[in-house]
Amino acid sequence: LNKTESPGALQGKHVVITAGPTREAIDPVRYLSNYSSGKMGYALATAAQAAGARVTLISGPVQLSTPSGVQRIDVITADDMLKATQAVTDMDVFIGCAAVADFRPASMASQKMKKQHGEDSLQLSLVKNPDILAWVAKQSPKPFCVGFAAETQNLDHYAKDKMQRKNLDMIIANDVSNTNIGFNSDHNAVTVFWQNNKKHLEAQSKQSIATEVIGFIAQQTTSQPE
Ligand code: CTP
Ligand code: CA
């Protein structure tokens, strides 16, 4: 029996997933963000739920409906996402799928910023956001931690380096140099790394990528029969 393909492979596990972009306010009407659609994270939530897990989805602002049976917590900023993550108890698996803004404006202007007469440029001062996935991976007990690495070059090298630096159990490398798949698309092609394994998943729907990835996670987190 292949445990990863049997229903209920994640029965009794609590899977926590971050998804979508974060937004970092510049002033009351403007923000910094990115093109993340949230589709990959939502597909993972759907697949984890189908595998019998209890699923908490911590979501940035996206245009997607909540997968049935999934508990969704909406957040806007990276700071909110960290706080929501820190408030979750009993995680067995954490999947950082969100495209967290790496930086936020050092301060938010309380009023809409106006153009200054005679100035043709504007300098915005940014500060680093907390790394949510790295925070989770430093906890003890540590849940099984899965990260994503969106790269445009040196995919394997950067992905493995991220896995090591953040103390992750698995990383999913996403080549975002191909603009036809990834980000807003319903399809994706990824390479998954864990321990000494490397598995390439050819271009296919995000939902079927998610099912495969959840299968790998189940394999690694469920005690194997002798
Ligand atoms: N991540 C996170 N919090 C951040 C930044 C990233 O939780 N502040 C998570 C992402 O959800 C992803 C992983 O870390 O699972 C890697 O994100 P990525 O942007 O590829 O890597 P960074 O560590 O931010 O490095 P860089 O953007 O410089 O490549
Ligand atoms: Ca980043």
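Residues numbered from 1 in each chain as written. Chains lettered and ligands numbered in written order. Predicted model: local features only at pLDDT ≥ 70, side-chain atom pairs only at ≥ 80, totals over all residues.

Per an unreviewed UniProt entry, the chain goes by the name Coenzyme A biosynthesis bifunctional protein CoaBC and belongs to Aliidiomarina halalkaliphila.

All right, on to the overall build of the chain then. When you go through the chain residue by residue, the secondary structure sums to five helices and twelve strands. The C-alpha atoms of the chain give a radius of gyration of 18 Å, which matches the 17 Å a tight globule of 226 residues would have. By its C-alpha atoms, the chain is 75 × 35 × 30 Å across when sized along the principal axes. Every one of the 226 residues in the chain was classed for burial, and the buried ones make up 36%. (Helix = DSSP H or I, 4+ residues; strand = E, 2+ residues; numbered from the N terminus. Rg over C-alpha atoms; globule rule 2.2 N^0.38 Å. Buried ≥ 20, exposed ≤ 12 C-beta atoms within 10 Å, placed from the backbone.)

Let us now look at the UniProt feature "binding site: CTP" (unreviewed entry) in the chain. The UniProt entry lists Gly96, Cys97, Ala98, Asp102, Lys112, Pro130, Asp131, Ile132, Leu133, Phe148, Lys162 and Lys166 under the feature "binding site: CTP" (unreviewed entry), expressed in the numbering used here. For the residues just named, distributed over 71 residues, the greatest C-alpha separation reaches 37.6 Å, placing them at more than one site. Inspection of the secondary structure assignment puts Lys162 in helix α4 (residues 155-165). A tally of 19 C-beta atoms within 10 Å means that Lys162 is categorised as partly exposed. Other than its neighbours up to four places away in sequence, Lys162 contacts Gly147, Ala149 and Ile171. (UniProt positions renumbered as here; feature names shortened; annotations may be inferred. Contact = placed C-beta atoms within 7 Å.)

Before going further, it helps to examine the site of ligand 1. As a structural note, the neighbourhood of ligand 1 is formed by 16 residues, with Gly96, Val100, Ile132, Leu133 and Gly147 the closest of them. For the shell around ligand 1, the elements supplying multiple residues, two or more each, are α3 (132-137) and β9 (144-151). Examining the composition of the shell around ligand 1, we find that four residues originate from one element, β9, more than from any other. (Near = placed C-beta within 6 Å.)

Attention now goes to the packing of helix α1 (residues 39-50) against helix α5 (residues 206-221). A pair of packed helices can be characterised by two numbers: the angle between their axes and the separation between those axes. At a closest axis distance of 8 Å, the pairing of α1 and α5 adopts a crossing angle of 55 degrees. Regarding the angle of α1 to α5, the classification is oblique. Relative to α5, α1 is oriented so that their crossing is right-handed. Two secondary-structure elements touch here, α1 through Lys39, Met40, Ala43, Leu44, Thr46, Ala47 and Ala48 and α5 through Lys206, Gln207, Ala210, Thr211, Val213 and Ile214. (Axes fitted to C-alpha atoms, helices over the stretch in contact; angles between N-to-C directions. Parallel < 35°, antiparallel > 145°, perpendicular 65-115°, else oblique. Left-handed = near helix turned anticlockwise from the far one by under 90°.)

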